[in-house]
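What the coordinates show
Letter by letter, the chains look like this.
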Amino acid sequence: MSSTIESLIEEWDGLGVVTSYHRETDTWIFVALHDATLGRPTGGCRLKSYGSPASALHDAMRLAEGMTFKWAAMGFEYGGGKSVLAVPGPIDGTARRALFRHFGKLLNRLDGAYGVGEDLGTTPEDMAFLATITSAVAGSGHGSHPVDPGPFTAAGVHAGIVASLSHAYGTGDLTGRSVLVQGVGDVGGPLAVLLARSGAGVLVSDVDADRASAVARECGGTVVDPRHVYDAECDVYAPCAVGATVSRRTIPELRCRIVAGSANNQLERPEDADLLVERGILYAPDYVINGGGAMAFGLMERGTRDSAEVTNEVRRRIAGSLDGIFREAEALSISPAVAAHRVAAKALGRT
Ligand code: NAD
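Conventions adopted
Residues numbered from 1 in each chain as written. Predicted model: local features only at pLDDT ≥ 70, side-chain atom pairs only at ≥ 80, totals over all residues. Heavy atoms only, no water. Helix = DSSP H or I, 4+ residues; strand = E, 2+ residues; numbered from the N terminus. Rg over C-alpha atoms; globule rule 2.2 N^0.38 Å. Buried < 20%, exposed > 50% of the residue type's maximum accessible area, 1.4 Å probe, protein only. Contact = heavy atoms within 4.5 Å. Areas by Shrake-Rupley, 256 points an atom, 1.4 Å probe, with all protein chains shown as cover. Lys, Arg positive; Asp, Glu negative; His and termini not counted. Charge placed at Lys NZ, Arg CZ, Asp CG, Glu CD. Core = buried A, V, L, I, M, F, W, Y, C linked by side-chain atoms within 4.5 Å. Near = heavy atom within 4 Å. Polar contact = N/O pair within 3.5 Å; in protein donor to acceptor, adjacent residues only side chain to side chain. Nonpolar A, V, L, I, M, F, W, Y, C, P; charged D, E, K, R; others polar. Pairing = 2+ DSSP bridges. Axes fitted to C-alpha atoms, helices over the stretch in contact; angles between N-to-C directions. Right-handed = clockwise from strand over helix to strand, strands pointing away. Domains from an automatic or database assignment. Buried area = accessible area lost by both parts, 1.4 Å probe. Salt bridge = Lys/Arg side-chain N within 4 Å of Asp/Glu carboxyl O.

**Details of the overall build of the protein chain**
- When its secondary structure is counted, the protein chain shows 12 helices and 11 strands.
- A compact globule built from 351 residues would reach a C-alpha radius of gyration of about 20 Å, and the protein chain, at 19 Å, matches this within 12%.
- Overall, the protein chain is about 50 × 50 × 45 Å in size when its C-alpha atoms are taken along their principal axes.
- Within the protein chain, buried positions represent 54% of all 351 residues.
- Once local pairs closer than 6 in sequence are excluded, the contacts in the protein chain between residues at least 24 apart make up 65%.
- As displayed, the protein chain offers around 14,800 Å² of accessible surface, 49% of which is attributable to carbon and sulfur atoms.
- Side chains of the protein chain give 32 positive and 41 negative charges; the mean places of these two sets differ by 2 Å.

Written as structure tokens, this is what we have:
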């Protein structure tokens, strides 16, 4: 990553970035506000170690932009925003609380300009704690705990995988299909269980070997060494960990028919969507298939409270959106990524 913080900000088309440094935990904090055309910038908080503060800022910006398109593609009145807590290493206990206290106070000073939720590396417990400091936690108005988006996201990805199978094979039946879930945390864990219940053979991979084994045991799946994720044979590769795993380097190795998972920014570059088309691999655009958690929050804000009802609505909408996108991509001979972008751009009034 050769960009500097200055050059990233100069080149970005977003609204702006709020930056803070928490000395006690040596953590850089970036709140990236991309777009407010449809409403208040709202998106999750990622806690992760990065090679440099500039890499963390770059990630926050890309993620915030993804949120703009995600909300627009789903037809909800929120804008694109995302935050990153760039920690130097694992963080727990009182240090973690101190960091979230500092972050909460920062969000209070933003006075409602950004709505925060969970993302990679942050937990429902972090959000519950944050909600005691700031009202900026999205979904915290529905009980003592903020809504955990993971299970809703997992349900949406499951429905999206069924829709993708249906498009690729003519049937969405998961019986006997193999799905490789990369990253079995808050989303990948429940997704693996849902897939197994639907009759799929589940392959599980995670840099946390203990977590991978526990989830594999729970869903009767097989653990795949993270070094062999990309060349493992499967029907569906479901990236549910970090972004940019679909790239010039990995696409030639893939031995799957479909890429459909929860991770944000799965493609390293926009052109990678075309490389997937060339290889005959169907790609379910990330910000459409992974919108379940955000959608659940939006539905609850609109008054749907029953969790089963929200889940069914999430499944129905994600399956329907993907089906439309796949059809449009085929009809116009464009990639599903470009087709999804057209839907979001239209909602943002940018066509
Ligand atoms: P999480 O932190 O709960 O879980 C991530 C898992 O991935 C962990 O088990 C971690 O050990 C593993 N992991 C990290 N790097 C890895 C790597 N290189 N290879 C394999 N495993 C790796 O995160 P989550 O909330 O489950 O989110 C997963 C992805 O889905 C993220 O990209 C996130 O942005 C995206 N997402 C999450 C939600 C949500 O509702 N939580 C919604 C939309 C998108």
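**What about the nonpolar core?**
- Core analysis: the largest hydrophobic core is formed by 57 residues, its most contacted members being Ile161, Val179, Val181, Leu191 and Leu195.
- Every residue in contact with Val179, bar those within four places of it in the chain, is listed here: Ile161, Leu174, Leu195, Ala200, Gly201, Val202, Leu203, Val236 and Ala238.
- Of all hydrophobic cores here, the second largest spans 22 residues; its members include Val18, Ile91, Phe100 and Leu106.

**Comments concerning the site of the ligand**
- The full set close to the ligand counts 25 residues, and Asp119, Thr153, Asp206, Arg211 and Ala241 are the nearest of them.
- In the environment of the ligand, an oxygen atom lies 2.9 Å from a nitrogen or oxygen atom belonging to the side chain of Ser262.
- The protein chains hide 86% of the 830 Å² of surface that the ligand would expose on its own.
- Residue composition of the shell around the ligand, grouped by class: 9 nonpolar, 9 polar and 7 charged.

**Topic: the sheet that holds strand S2 (residues 27–35)**
- In spatial order, the strands read S1-S2-S4-S3-S5; together these 5 strands make up an open sheet with mixed pairing. Only two strands of the sheet have a single neighbouring strand rather than two, namely strand S1 (16–22) and strand S5 (115–118). Ignoring strand direction, the axes of neighbouring strands in this sheet form an average angle of 20 degrees.
- Where strand S3 (residues 41–48) and S5 come together, 4 bridges link them in parallel fashion. Counterpart to Thr42 in the pairing with S5 is Gly115.

**Re the pairing of S3**
- Among the 8 residues in S3, 7 count as buried, and that is most of the element.
- Note: S3 against strand S4 (residues 79–86), 6 bridges, orientation parallel. Directly across from Cys45, in S4, lies its bridge partner Ser83.
- Read as a crossover between parallel neighbours, the route from S3 over helix H2 (residues 53–74) to S4 is right-handed.

**Describing the domain arrangement of the protein chain**
- What the domain assignment reports for the protein chain is domain 1 (5–67 + 79–130) and domain 2 (150–347).
- Each of domain 1 and domain 2 has a C-alpha centre, and these two points are 25 Å apart.
- Taken together, the 11 residues of domain 1 in the interface contact 10 residues of domain 2.
- Of the roughly 790 Å² buried between domain 1 and domain 2, counting both surfaces, carbon and sulfur atoms make up 47%.
- Summed over the shared surface of domain 1 and domain 2, the number is 0 salt bridges.
- The interface formed by domain 1 and domain 2 contains 1 residue pair in polar contact (both at pLDDT 80 or more).
- Breaking the side of domain 1 that touches domain 2 down by element, the ones donating at least two residues are S3 and H2.

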